Amino acid sequence: MNTQEPLWVWIVTILAFLAVYTGEFIYAKRHPHVVQFREAAKWVVVYISAAILFGIGMWRIKGQDAGFEFFAGWITEYSLSVDNLFVFVIILSAFAVPAIYQQEVLQVGIIGALVLRFLFIIVGAAAIAKFSWVFFIFGAFLLYTAYKLASKHGTESDPSQNKVLKLAEKYLPVTPKYHEGAFRVTIDGKKYFTPLFIVMIAIFTTDILFALDSIPAIFGLTDDPYIVFTANAFALMGLRQMYFMLDGLLDRLIYLSYG
């Protein structure tokens with residue numbers, strides 16, 4: 001199934017998601033605090049319920065096949081997004097990001113992931129439409145990803161070894177301390193980046209890797225770009241709250257990468 005959604009549907013959908021993600025960022029920026037389990041769980045339930053209602057609506061409007069494809073894609077992308085939380089934990093821990101600023105950093109990273117996935121969806125959909133053999137490249141990449149996960153299970157990458165991050169630290173003036181959640185500050189008339197900005201670079205570069213495996217995975221379930229985008233958007237929605245809800249459990253979920 002490869003249906004072409006009207007332009008107005010795309011515009012309304014993208015604006016709706018932007019409103020939610022922007023609202024999340026503004027709230028995180030204006031209300032820095034340590035997110036407790038109860039607060040996180042409440043919002044996770046809200047966003048999961050929203051995704052289920054959207055899927056039911058798609059089922060009724062576009063048909064049973066579209067509904068099945070959305071739910072299959074959403075569950076797949078949600079699983080991959082939860083697995084991404086392992087990397088977020090490593091990055092935030094490695095840079096000792098204060099707990100009250102973590103939700104802001106996470107939200108910016110999630111927005112970046114959504115933008116990157118949207119760009120990958122456009123490129124992937126165009127490539128598949130013209131060259132069906134692109135599916136074999138996607139499949140080979142997923143097999144390679146599976147091999148790397150299985151062979152390196154139990155090991156954690158060091159965020160400080162990120163090449164883009166090391167380049168930024170080499171050429172950008174960076175302060176040794178965090179400055180109340182700011183990404184850039186002025187000290188004695190000279191502008192400096194804070195460690196929070198460096199953390200964002202680390203998260204954005206890992207977002208690229210997340211998009212590289214998540215997009216081929218869902219294109220194996222559906223070739224409808226609208227379903228691919230909405231499934232990804234709902235999978236990332238509420239991921240910040242999921243981080244805080246599962247923070248204490250991530251070390252115990254040792255088989256999540258295999259899943």
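So, here is what we can say about the structure in this document. From a predicted model like this one, the values you see are computed outputs, not experimental measurements.

1. Here we look at empty space enclosed by the protein
Then comes step 1: Tallied over the full model, the rule gives one cavity of 30 Å³ or more.
Then comes step 2: Each pocket or cavity is described by its volume, and for the largest cavity that value is around 30 Å³.
Then comes step 3: Lining the largest cavity are Tyr21, Glu24, Gln107, Ile110, Leu236, Met237, Gly238 and Leu239.
Then comes step 4: Looking at the lining of the largest cavity, the elements with two or more residues in it are α1 (7-30) and α4 (99-130).
Then comes step 5: Classifying every residue of the lining of the largest cavity gives five nonpolar, two polar and one charged.

2. A word on the pattern of salt bridges
Then comes step 1: The tally for this structure, following the rule as stated, stands at two salt bridges.
Then comes step 2: Ionic pairing is found between Lys62 and Glu5, a salt bridge with its closest N-O pair at 2.4 Å. Remark: Glu5 occurs in the segment before α1 and Lys62 occurs in helix α2 (residues 37-62); sequence separation between them is 57 residues.
Then comes step 3: Assessed through its relative accessible area of 26%, Lys62 is described here as partly exposed.
Then comes step 4: Through salt bridges with shared partners, a single network forms among Glu5, Lys62 and Asp224.

3. Considering α2
Then comes step 1: Helix length check: α2 (26 residues) gives 37 Å between terminal C-alpha atoms against 38 Å at 1.5 Å per residue, within 8%.
Then comes step 2: Along α2, the positions that sit buried rather than exposed are Ala40, Ala41, Val44, Tyr47, Ala51, Gly55 and Met58.

4. As for the packing of aromatic side chains
Then comes step 1: Under the counting rule described, the total for this entry stands at 15 aromatic pairs.
Then comes step 2: A centroid spacing of 5.3 Å and a plane angle of 90 degrees characterise the contact between Trp10 and Tyr226, whose relative ring orientation is edge-to-face. One end of the pair, Trp10, is in helix α1; the other, Tyr226, is in helix α8 (residues 225-236), with 216 residues separating them in the sequence.
Then comes step 3: The class for Tyr226 is buried, based on a relative accessible area of 7%.
Then comes step 4: Pairing Phe54 with Phe70 gives two aromatic rings, centres 5.3 Å apart and planes at 55 degrees, and the pair type is tilted. Taken as a pair, Phe54 in helix α2 and Phe70 in helix α3 (residues 64-94) lie far apart in primary sequence, 16 residues in all.
Then comes step 5: Three or more aromatic residues joined by ring pairs form one cluster here, namely Trp10, Phe17, Phe54, Phe70, Phe71, Phe118, Tyr226, Phe229 and Phe234.

5. A short note on the side chain of Gln102
Then comes step 1: When you line up the elements, Gln102 lands in helix α4.
Then comes step 2: A polar side-chain atom of Gln102 sits 3.1 Å from the main-chain carbonyl oxygen of Val97.
Then comes step 3: When sequence neighbours within four positions are dropped, the list of residues in contact with Gln102 reads Leu92, Val97, Tyr243 and Phe244.

6. Overview of the environment of Leu172
Then comes step 1: In this structure, Leu172 sits in the loop between α6 (163-171) and β1 (184-187).
Then comes step 2: Taking the C-alpha atoms as reference, Leu172 lies 10.0 Å from Thr194; in sequence the two are 22 residues apart.

7. As for the nonpolar core
Then comes step 1: If you look at the biggest cluster of nonpolar residues, it comprises 60 residues, and the most contacted ones within it are Phe70, Trp74, Leu85, Phe88, Val199, Met242 and Tyr243.
Then comes step 2: Only α1, α2, α3, α4, α7 (195-219), α8 and α9 (239-246) provide two or more residues apiece to this core.

8. Description of α8
Then comes step 1: With twelve residues, α8 should cover 16 Å at 1.5 Å per step; its first-to-last C-alpha distance of 17 Å lies within 8% of that length.
Then comes step 2: The buried fraction of α8 amounts to twelve of the twelve residues, a majority that puts the element mostly inside the structure.
Then comes step 3: When we look at burial in α8, the residues that qualify are Pro225, Tyr226, Ile227, Val228, Phe229, Thr230, Ala231, Asn232, Ala233, Phe234, Ala235 and Leu236.
Then comes step 4: Among the residues of α8, the N-terminal cap falls to Asp224, whose side-chain oxygen and the backbone nitrogen of Tyr226 are separated by 3.0 Å.

Rules used throughout
- Residues numbered from 1 in each chain as written.
- Predicted model: local features only at pLDDT ≥ 70, side-chain atom pairs only at ≥ 80, totals over all residues.
- Heavy atoms only, no water.
- 1 Å grid on protein atoms, 1.4 Å probe; cavity = no way out; pocket = protein on both sides within 12 Å on 5 of 7 lines; lining within 4 Å.
- Points joined across faces, edges and corners; volume = space filled by probe spheres on them.
- Helix = DSSP H or I, 4+ residues; strand = E, 2+ residues; numbered from the N terminus.
- Nonpolar A, V, L, I, M, F, W, Y, C, P; charged D, E, K, R; others polar.
- Salt bridge = Lys/Arg side-chain N within 4 Å of Asp/Glu carboxyl O.
- Buried < 20%, exposed > 50% of the residue type's maximum accessible area, 1.4 Å probe, protein only.
- Expected span 1.5 Å × (residues − 1).
- Phe/Tyr/Trp six-rings, centres within 6.5 Å; stacked < 30°, edge-to-face > 60°.
- Polar contact = N/O pair within 3.5 Å; in protein donor to acceptor, adjacent residues only side chain to side chain.
- Contact = heavy atoms within 4.5 Å.
- Core = buried A, V, L, I, M, F, W, Y, C linked by side-chain atoms within 4.5 Å.

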